[in-house]
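These are the residues of each chain, in order.
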Amino acid sequence: MVDLEYIAMFLNTLTPKFYVALTGTSSLISGLILIFEWWYFRKYGTSFIEQVSLNHLGPWLGGVENNNNGNNNTNNSQNNNQQSVPECKVWRNPLNLLRGAEYNRYTWVTGKEPLTYYDMNLSAQDHQTFFTCDTDHSRPTDELACVPSAVMQRAWRERNPQARIKAAHEALEKDPECATAYILLAEEEATTILETERLFKQALKVGEANYKKSQSTQHLGAHYEAIHRRDTNVCVYVRRRLAMCARKLGRVKEAVKMMRDLMKEFPMMSVLNIHENLIEALLELQAYADVQAVLAKYDDISLPKSATICYTAALLKARAVADKSFPFASCRFSPEIASKRGLSTAEMNAVEAIHRAVEFNPHVPKYLLETKSLILPPEHLLKRGDSEAIAYAFFHLPHWKRVDGALNLLHCTWEGSPYGESAVGDAPCHAFRMIPYPLEKGHLFYPYPSCTESADRELLPAFHEVSVYPKKELPFFILFTAGLCSVTALLALLTHQFPEPMGLVAKTFLNTITSPFNFLVEKLEGVLPSNLWHQLTRL
């Protein structure tokens, strides 16, 4: 009891300056923790304290071992299910722009770099894969400096654009019929679409000659087969780029014909997603029947989906409802009318198609509805991510605007009707209600991947605010430290301004906290022998 008296005496002798120092120091420390936690959450999307607790304190508490022992029987079934869920694979953008004629122009005007180093490094790897073969490595060292293919292989690896262009000119000096050198110059040195098209035509002339030559010798061995595979990649790439140049220059019908011929001649190159270029060109021609025919072929359950496939299907369904020029469209979609008569079959199909598209990529509507600003699309994209949404909206927003009322239907389905749930009958009016939480089982697609944010941050420039789905709630420890910092700062301020009353409050608070403990000690002293404390201290 003597110790408690000393403690009480010590607390009574504390001055208000002590409480100011105590609360001020607590506020400073909690504020620093709050700043660090907020920075860590913004960068990595999780709480540092929570992550440390789970990774390091969890095993000490035995939770991880128990979970591992209890989950041994279910690991095999979970692994089998996870094998069917695709990882966050980065794909080449089928509609990627030209560096010299488009990306560099943006840099000249704004002073901002539209491409990240990670994105350009992926393109360099693609070019090495497409335009080089193993035979380029098998030559003697003294011959590599004189071989144009070896020079171009070095050019694709260069980080400096001027060094790449210089190497391409060097390759053309050694061999005026180096197709890959023309490709690099068309991509990076040409500053206009017409100049780019001219260089690609030169590359095509040389590439087709090499393709025909290697086609007749591909069966002679692996060496010749690798050369033929490279020449095939060159031809397909150049012809596709020429079709895109024709599309950019307004010769859309010519571009459509070139794309159809390319898909017919090289059906095994479907991995390049040339059909997405064809869909965009057909939408520009407003050839909706042809677009539907392409979707019927590629919107198959066995084929990988994309935002272009899902949102184009939704656009065609919305056109049946919203576009007055469509033969079966009675009027523009209106939530008021739908609330009175219910959804028609066409409207229900359109809403379901939009739900399906939004579940696949929930970032697209923000750009189509122009609630989020667009930037130039990257050269690579992540399916179901913000990068894919930017790439789709950048090229397809005019097509949605052309269909009168399509964006109105998307808006009503996306944000919901202002008249409540009954505005569209029994159907849900908010697209997010049809999207399952990413940790749960997907509705129409596999669960939404959790790695899209980090991959998109690598693909998209730093000046763009990456769209994140689902919106992450602030971790508990950020809220806790924010509250602790605010409360202690307020107490420090009050104690500094009103020292006597706050000192009295602090003493009263401490006495209130210690009174139950004092009461318990008094009861124990009344029950236990008086000399028990001395016996315990001797032990």
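Preceding block: the structure.
Just so you know, these numbers come straight off a predicted model, no measurement behind them.

What counts and how
- Residues numbered from 1 in each chain as written.
- Predicted model: local features only at pLDDT ≥ 70, side-chain atom pairs only at ≥ 80, totals over all residues.
- Heavy atoms only, no water.
- Helix = DSSP H or I, 4+ residues; strand = E, 2+ residues; numbered from the N terminus.
- Buried < 20%, exposed > 50% of the residue type's maximum accessible area, 1.4 Å probe, protein only.
- Contact = heavy atoms within 4.5 Å.
- Areas by Shrake-Rupley, 256 points an atom, 1.4 Å probe, with all protein chains shown as cover.
- Expected span 1.5 Å × (residues − 1).
- Core = buried A, V, L, I, M, F, W, Y, C linked by side-chain atoms within 4.5 Å.
- Salt bridge = Lys/Arg side-chain N within 4 Å of Asp/Glu carboxyl O.
- Patch = residues over 30% accessible without salt bridge, like charges linked within 9 Å, V, L, I, M, F, W, Y side chains within 5 Å.
- Axes fitted to C-alpha atoms, helices over the stretch in contact; angles between N-to-C directions.
- Parallel < 35°, antiparallel > 145°, perpendicular 65-115°, else oblique.
- Phe/Tyr/Trp six-rings, centres within 6.5 Å; stacked < 30°, edge-to-face > 60°.
- Lys NZ or Arg CZ within 6 Å of the ring centre and 35° of its normal.

Draft legend 1. Representation of the overall build of the protein chain within the structure. Looking only at helices and strands, the protein chain has 26 helices and two strands in total. The buried share of the protein chain, taken over its 539 residues, is 45%. Partitioning the intrachain contacts of the protein chain with sequence separation of at least 6 by distance along the chain shows that 69% fall at a separation of at least 24. Here the protein chain displays about 30,000 Å² of accessible surface, and carbon together with sulfur accounts for 58% of that area.

Draft legend 2. How the structure looks around helix 7 (residues 117-131). An ideal rise of 1.5 Å per residue puts 21 Å on 15 residues; helix 7 measures up with 21 Å between its terminal C-alpha atoms. Taken together, the buried positions of helix 7 are occupied by Asp 119, Leu 122, Ser 123, Ala 124, Asp 126, His 127 and Phe 131.

Draft legend 3. The nonpolar core, seen in detail. With 61 residues, the main nonpolar core has Tyr 311, Leu 368 and Trp 400 as its most contacted residues. No other element matches helix 17 (residues 307-322), which puts ten residues into this core. Not counting the four nearest positions on each side in its chain, Leu 368 is found in contact with Tyr 311, Tyr 392, Ala 393, Leu 397, Trp 400, Leu 407 and Leu 410. Listed in part, the 32 residues of the second largest apolar core include Leu 172, Cys 178, Ala 181 and Tyr 182.

Draft legend 4. Broad picture of the pattern of salt bridges. Under the criterion given, the structure shown has 18 salt bridges. Glu 187 is paired through a salt bridge with Arg 241; the nearest N and O atoms lie 2.8 Å apart. With Glu 187 in helix 11 (residues 179-189) and Arg 241 in helix 13 (residues 222-248), the pair connects residues that are 54 residues apart, well separated along the chain. One salt bridge connects Asp 231 with Arg 230, and the closest N-O pair in it is separated by 3.6 Å. Each member of the pair, Asp 231 as well as Arg 230, carries the same accessibility label: buried.

Draft legend 5. Representation of a nonpolar patch on the surface within the structure. Taken together, Leu 28, Leu 32 and Ile 35 make up a surface patch of nonpolar side chains, about 330 Å² in accessible area. In this fold, Leu 32 is placed in helix 2 (residues 16-44).

Draft legend 6. Quick look at the packing of helix 7 against helix 13. Running from N to C, helix 7 and helix 13 cross one another at 120 degrees; their axes reach a closest spacing of 7 Å. Judged by the inter-axis angle, helix 7 sits oblique to helix 13. Taking contact as the criterion, the partners of His 127, Thr 129, Phe 130 and Phe 131 in helix 7 are, on helix 13, Arg 230, Asn 233, Val 234 and Tyr 237.

Draft legend 7. Highlighting unusual backbone geometry. The phi dihedral of Gln 286 is positive, around 60 degrees, even though this residue is not glycine. Here Gln 286 is to be found in the loop between helix 15 (274-284) and helix 16 (288-298). Even without a glycine there, the phi angle at Arg 384 is positive, about 75 degrees. A relative accessible area of 1% places Arg 384 in the buried class.

Draft legend 8. Structural view of the packing of aromatic side chains. For the coordinates displayed, the defined rule picks out six aromatic pairs. Here Phe 131 and Trp 156 contribute two aromatic rings whose centre-to-centre distance is 5.5 Å and whose plane-to-plane angle is 40 degrees, an arrangement assigned as tilted. Placement of Phe 131 in helix 7 and of Trp 156 in helix 9 (residues 148-157) is noted, with a sequence separation of 25 residues between them. Each member of the pair, Phe 131 as well as Trp 156, carries the same accessibility label: buried. Geometrically, the ring pair formed by Tyr 211 and Phe 266 is edge-to-face, given 6.0 Å between the ring centres and 70 degrees between the ring planes. Pair noted here: Tyr 211 is in helix 12 (residues 193-215) and Phe 266 is in the loop between helix 14 (252-265) and helix 15, with a separation of 55 residues, a long-range link. Neither residue differs from the other here; Tyr 211 and Phe 266 are each classed as buried. Put simply, the rings of Phe 130, Phe 131, Trp 156 and Tyr 237 touch in pairs and so form one group of aromatic residues. Across the ring face of Trp 91, the terminal group of Lys 89 is positioned such that the distance to the ring centre comes to 4.4 Å. The cationic tip of Lys 112 hangs over the ring face of Phe 463; the distance from NZ or CZ to the ring centre is 4.8 Å.

Draft legend 9. Quick look at the environment of Ala 171. Counting through the fold element by element, Ala 171 comes out in helix 10 (residues 161-174). Residue classification places Ala 171 among the buried residues on the basis of a relative accessible area of 0%. It is 6.5 Å that separates the C-alpha atoms of Ala 171 and Ala 181, two residues lying ten residues apart in sequence. What Ala 171 contacts, discounting residues up to four positions off in sequence, is Pro 148, Val 151, Met 152, Cys 178 and Ala 181.

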